[in-house]
Amino acid sequence: MPLLVGIVVTSGLPMAAAPRAAASAPPTVQLRLPAPTGRHGIGTVSLHLVDPSRPDPWVPTQPFRELMIQLWYPAAAVDGYPLAPWLEPATVAAYEQSNGLPAGVLSWPSTHANVGAPMARHAGRRPVVLYSHGLGGGRTENTGLVEDLASHGYIVVAIDHIHDARVVGLPDGRLETTAIPELTHDNELRLTTQAVDARVRDTRFVLDQLAAINGGDNPDAERRPLPRGLRGTLDLNHIGMFGHSDGGATTAAAMHLDSRISAGVNLDGTLWTPEARAGSTRPLLLFGKQNLDPFQANTWAAFWASHRGPKLRLSLIGSTHATFEDVAVLVPQAASTLGISAERLAAAFGAIDGQRAIVILRAYLKAYFDVYLRHRGDRLLNGPTVRYPEVQFVC
């Protein structure tokens, strides 16, 4: 029985005890994400993209590839624009069912971004950062990091890799769920390699569509209106990318194959494919859990030997694979209601508190992209600091 919010799918961590039965309706737990730290209000908009040049990699009978993306950006004004939910309402029931959660127990958080708010244009073009989720995850799984970057002036584009993601709602009312076969010891390398290859193609297609948006086109399949002021504000000469788990592998592989991506961050992802391990001439940060799995460690060592650009490897002391997602903040808020013990929480997320972990991850993610996309010096990357003793500079 899954723990919560895709932990079992995205990290293979131990499962929680079943939610306790209640004689009456269960209490509702309001989940909350930490507020962003930047000075900008945030806008957001979702787009439905269709690539007619290739079939879906997991449903071959579908002759074209569909994606959902979500843009997060600094807003000129937010009053009168509703807050975006962490989970789209149409996906909640399927999401809860796939995680073994009874309906009505959790009140999913709102984000801090306002749907359709106009883009802030006073600072000119802004650097762009792509986000790729873990296998079986979704574009919302690292909203805490995504919207923090947007609050500091970045335009962040989170990608839902449909039929790889757990559940994705489309504008026409369809719900598309994962179509990847169950991973086993015998098929894991083959299927994960196939997934990363498909995700890289997704990423390159998204980059093409961002260029169209910047030029004034609207690639949304339903032609829904884009936020006012978006045209011309994407600095496509300064593009970064980050991802968690297989999203980190996607980041490394996409950087190897597409020079449009100037800098990347891999959050605890095994580098499954030759392209991911081959590296590039551009900067990439490996930020991992305290104890890497042996195979993961081997892939990182292969990358380190091949990569020709700037590189840095950090370790978050007290962390596990799931520490690098929103669940590290959200799950503990519902633990008592769901009957999740302190021991089970520690097994899932390690010794570090989730609220502390997101503070650290936000700081280093922003520092890295500030240095390599904005060319601003940040001493945080120079070595250990008493501000964040949990971060170990490995090499």
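Report follows, based on the coordinates. (Residues numbered from 1 in each chain as written. Predicted model: local features only at pLDDT ≥ 70, side-chain atom pairs only at ≥ 80, totals over all residues. Heavy atoms only, no water.)

Moving on, we come to the sheet that holds strand β2 (residues 42–51). The 11 strands lie next to each other as β4-β6-β2-β3-β8-β7-β11-β12-β13-β14-β15, forming an open sheet whose pairing is mixed. Pairing within the sheet leaves two strands with one partner each, and these edge strands are β4 (83–85) and β15 (391–393). Each adjacent strand pair in this sheet contributes to an overall mean axis angle of 30 degrees, direction not counted. Inspection of the sheet shows strand β12 (residues 261–267) paired to strand β13 (residues 284–289) by 4 bridges, in the parallel sense. Its bridge partner being in β13, V265 is matched across the sheet by L285. Sheet strands in contact with helix α10 (residues 354–373) are β7 (126–132), β11 (234–244), β12, β13, β14 (311–316) and β15, and its direction is about 160 degrees off that of β12. (Pairing = 2+ DSSP bridges. Helix = DSSP H or I, 4+ residues; strand = E, 2+ residues; numbered from the N terminus. Axes fitted to C-alpha atoms, helices over the stretch in contact; angles between N-to-C directions. Contact = heavy atoms within 4.5 Å.)

This next bit is on the pairing of β13. Walk down a regular strand and you will see the side chains alternate between the two sheet faces. When you tally the buried positions in β13, you get 6 out of 6 residues, the bulk of the element. Pairing geometry for β13 and β14, over 6 bridges, is parallel. Within β14, the residue paired with L285 across the bridge is L312. Handedness of the crossover joining β13 and β14 through helix α7 (residues 294–306): right-handed. (Buried < 20%, exposed > 50% of the residue type's maximum accessible area, 1.4 Å probe, protein only. Right-handed = clockwise from strand over helix to strand, strands pointing away.)

Turning next to the packing of aromatic side chains. A full pass over the atoms with the stated rule returns 11 aromatic pairs. Relative to Y364, the ring of F287 has its centre 6.0 Å away and its plane inclined at 75 degrees; by these criteria the two rings are edge-to-face. One end of the pair, F287, is in strand β13; the other, Y364, is in helix α10, with 77 residues separating them in the sequence. The burial state of F287 is the same as that of Y364; both residues are buried. In this structure an aromatic cluster arises from ring pairing among Y131, Y154, F242 and F369. Between the NZ or CZ atom of R374 and the centre of the ring of Y154, over which it lies, the distance is 4.0 Å. (Phe/Tyr/Trp six-rings, centres within 6.5 Å; stacked < 30°, edge-to-face > 60°. Lys NZ or Arg CZ within 6 Å of the ring centre and 35° of its normal.)

A word on the nonpolar core. The biggest cluster of nonpolar side chains holds 40 residues, and the ones touching the most others in it are F242, F287, Y364 and F369. By size, the runner-up hydrophobic cluster in this structure holds 38 residues, among which are I69, Y73, A253 and M255. (Core = buried A, V, L, I, M, F, W, Y, C linked by side-chain atoms within 4.5 Å.)

Quick look at the layout of surface pockets now. In this model, the second largest pocket occupies a volume close to 310 Å³. As for the second largest pocket, its lining consists of 20 residues, and the residues nearest its centre are S46, E88, V115, R139 and R224. Of all the secondary-structure elements, those providing two or more residues to the lining of the second largest pocket are β2, β3 (65–74), β4 and α2 (89–98). The dominant element in the lining of the second largest pocket, judged by the number of residues it contributes, is β2, at 3 residues. A class-by-class count of the residues in the lining of the second largest pocket yields 12 nonpolar, 5 polar and 3 charged. (1 Å grid on protein atoms, 1.4 Å probe; cavity = no way out; pocket = protein on both sides within 12 Å on 5 of 7 lines; lining within 4 Å. Points joined across faces, edges and corners; volume = space filled by probe spheres on them. Nonpolar A, V, L, I, M, F, W, Y, C, P; charged D, E, K, R; others polar.)

Attention now goes to empty space enclosed by the protein. All told, the structure shown has 4 cavities of 30 Å³ or more when counted by the stated rule. The computed volume of the largest cavity comes to approximately 140 Å³. Lining the largest cavity are 14 residues; nearest its centre among them are L87, T91, T140, D160 and V167. Sorting the residues of the lining of the largest cavity by element identifies α2 and β9 (167–169) as the ones contributing at least two each. The leading source of residues in the lining of the largest cavity is β9, at 3 residues. When its residues are assigned to classes, the lining of the largest cavity shows 5 nonpolar, 5 polar and 4 charged. The volume enclosed by the second largest cavity comes to roughly 60 Å³. For the lining of the second largest cavity, the elements supplying multiple residues, two or more each, are β3 and β4. A class-by-class count of the residues in the lining of the second largest cavity yields 5 nonpolar, 4 polar and 2 charged.

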